[in-house]
Amino acid sequence: MSLIHLFRRCNQKCVFCSYPADAKAEGEGNIGSWLKEIAGMKPGLVQISGGEPLLADFGDLIKVITFCARTGRTVELQTNGVLIAGMKPAERAILVKAVHSAKGYFNFNFPAHNAALDFKITGIKGAFAARTKAVKKIISLGAQVRLTHVISELNCKKTACFAAFAAKKLTGLSWLQFSFIKGIGRAEGSRFTPEYHKAAPYLLKALDLCGKKGLKCDVDHIPPCFLGRHHAKNVDMAKMRAGIKGPHLDEKEKVPQCKGCGFFRLCPGPRKDYIAVHHSLRGRNQV
Ligand code: SF4
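A few points on the structure. Since the model is a prediction, treat every value here as computed from it, not as a measurement.

Definitions and limits used
Residues numbered from 1 in each chain as written. Predicted model: local features only at pLDDT ≥ 70, side-chain atom pairs only at ≥ 80, totals over all residues. Helix = DSSP H or I, 4+ residues; strand = E, 2+ residues; numbered from the N terminus. Rg over C-alpha atoms; globule rule 2.2 N^0.38 Å. Buried ≥ 20, exposed ≤ 12 C-beta atoms within 10 Å, placed from the backbone. Pairing = 2+ DSSP bridges. Axes fitted to C-alpha atoms, helices over the stretch in contact; angles between N-to-C directions. Right-handed = clockwise from strand over helix to strand, strands pointing away. Parallel < 35°, antiparallel > 145°, perpendicular 65-115°, else oblique. Left-handed = near helix turned anticlockwise from the far one by under 90°. Contact = placed C-beta atoms within 7 Å. Nonpolar A, V, L, I, M, F, W, Y, C, P; charged D, E, K, R; others polar. Near = placed C-beta within 6 Å. Expected span 1.5 Å × (residues − 1).

Describing the overall build of the chain
Piece 1. Each helix and strand counted, the chain has 11 helices and 7 strands in total.
Piece 2. A compact globule built from 287 residues should have a C-alpha radius of gyration of about 19 Å, and the chain, at 19 Å, falls within 12% of that.
Piece 3. Summarising its shape, the C-alpha atoms of the chain cover approximately 55 × 40 × 35 Å along the three principal directions.
Piece 4. In the chain, which comprises 287 residues, the share counted as buried stands at 39%.

Next comes the structure, spelled out in structure tokens:
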């Protein structure tokens, strides 16, 4: 799996953003440098990210996606969806066709189940309605859609509400990932990082609900010792079992409390930036 940041610019101000400050970075890439970067990547999945990738020139973005397709790479197009809502239908169809040609899928950053909470998190009025519209339109065009719901201090008690919203209003989703806030980038040392044991009960309810509704889901950045009956939904466990190397091994590290844990071999430990904020795994379940 490889990741390309087209640039830092974004049209939202999410409190949980793990990318450095919004600014027109010096030496910001262009279509030539993006294609060169992708050509140097190993085969497999390419995550096209930003900032917000849809801020790129539309033709250039299509070239990036189709280049991935031509070189046998699969694409995950990460977006907050706002700009997709405002596209002409023909453009949306071209975008979906390009992603489809790369055997890819859309990954929408979707942090709230209503407009008021969405505004608190993203700082953009109207973003919730636009995002909802975008997801529905993209699903209706036959694309695979994943949602990433980042859990932060602002929404952690509403996780089950989000699951209910997604299951009821966004039918046709391929899957939903609950991802805990990372304390890096704009969210470094964040006051928006809840303690795992405070967020977990709400997450477990959301996972139960997804199960009942038949909505496929998984979890990232919350260790299995907080996931109880849903521990197998932690995405690191499969990677560890298969011996896959990746950022999870750099970003996470076991702590003294991990000693004697039943998941010791299959878990890389909590995020280092979480421990920097909260200092321990307070409230973890003995497993
Ligand atoms: S290894 Fe540590 S972080 Fe991972 S599940 Fe066990 S106690 Fe939790």
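Here we look at the sheet that holds strand E1 (residues 2-5)
Piece 1. Taken in spatial order, the 7 strands make up an open sheet running E1-E2-E3-E4-E5-E6-E7, and their pairing is parallel. Of all strands in the sheet, those with a lone pairing partner are E1 and strand E7 (217-220), marking the two edges. For this sheet, the mean inter-axis angle between neighbouring strands, taken without regard to orientation, is 20 degrees.
Piece 2. Taken together, the 4 bridges between strand E2 (residues 45-49) and strand E3 (residues 74-79) define a ladder with parallel strand orientation. Note that in E3 the partner of Leu45 across the bridge is Thr74.

Re the pairing of E7
Piece 1. The side-chain alternation of E7 yields one buried face, formed by Cys217 and Val219, and one unburied face, formed by Asp218 and Asp220.
Piece 2. Sheet topology places strand E6 (residues 175-180) next to E7; 4 bridges connect them, and they run parallel. Bridge pairing in E7 places Ser179 opposite Asp220.
Piece 3. Assessed by its sense of winding, the connection that carries the chain from E6 through helix H8 (residues 196-213) to E7 is right-handed.

A word on the pairing of E6
Piece 1. Only one face of E6 is covered, namely the face carrying Leu176, Phe178 and Phe180; the face carrying Trp175, Gln177 and Ser179 is uncovered.
Piece 2. In the sheet, strand E5 (residues 145-151) pairs with E6 via 6 bridges, with the strands oriented parallel. The partner of Ile151 across the bridge, within E6, is Phe180.
Piece 3. With respect to chirality, the unit in which E5 leads through helix H7 (residues 159-169) into the neighbouring parallel E6 is right-handed.

Considering the packing of H7 against H8
Piece 1. Contact geometry of H7 with H8 gives a least axis separation of 7 Å together with a crossing angle of 20 degrees. Compared by their axis directions, H7 and H8 come out roughly parallel. By crossing handedness, the relation of H7 to H8 is classed as right-handed. Here Thr159, Ala160, Phe162, Ala163, Ala164 and Ala167 of H7 come into contact with H8, specifically with Tyr202, Leu203, Lys205, Ala206, Leu209, Cys210 and Lys213.
Piece 2. Of the residues assigned to the contact of H7 with H8, the class counts are 10 nonpolar, 1 polar and 2 charged.

Some points on the environment of Ala199
Piece 1. With respect to the secondary-structure elements, Ala199 resides in helix H8.
Piece 2. Distance from Ala199 to Ser152, taken between C-alpha atoms, is 8.5 Å for residues 47 residues apart in sequence.
Piece 3. With residues near it in sequence (within four places) discarded, Ala199 still touches Ile151, Cys156 and Pro194.

Here we look at the site of the ligand
Piece 1. Around the ligand, the surrounding shell holds 14 residues, and the nearest of these are Pro223, Cys225, Cys258, Cys261 and Cys267.
Piece 2. Counted by class, the shell around the ligand contains 10 nonpolar, 2 polar and 2 charged residues.

Side note on helix H4 (residues 89-101)
Piece 1. Counted at 1.5 Å a residue, the expected span for H4 with its 13 residues is 18 Å, and the 18 Å between its end C-alpha atoms agrees.
Piece 2. Where H4 is buried, its residues contact helix H2 (58-70), E3, strand E4 (105-109) and helix H6 (127-140).
Piece 3. Residue Lys103 follows H4 closely and has a positive phi angle near 50 degrees.

With respect to the packing of helix H5 (residues 115-122) against H6
Piece 1. H6 packs onto H5 with a crossing angle of 105 degrees between their chain directions and a minimal axis gap of 8 Å. By the angle class used here, H5 and H6 are roughly perpendicular. Across the interface between the two elements, Ala115, Asp118 and Thr122 of H5 pack against Ala127, Phe128 and Ala129 of H6.

A look at unusual backbone geometry
Piece 1. With an omega of 5 degrees, the peptide bond between Gly50 and Gly51 qualifies as cis.
Piece 2. Of note, His221 is a non-glycine position whose phi angle comes to about 75 degrees, a positive value.
Piece 3. Along the chain, His221 turns up in the loop between E7 and helix H9 (235-242).
Piece 4. Take His221: there are 23 C-beta atoms within 10 Å of it, and that puts it in the buried class.

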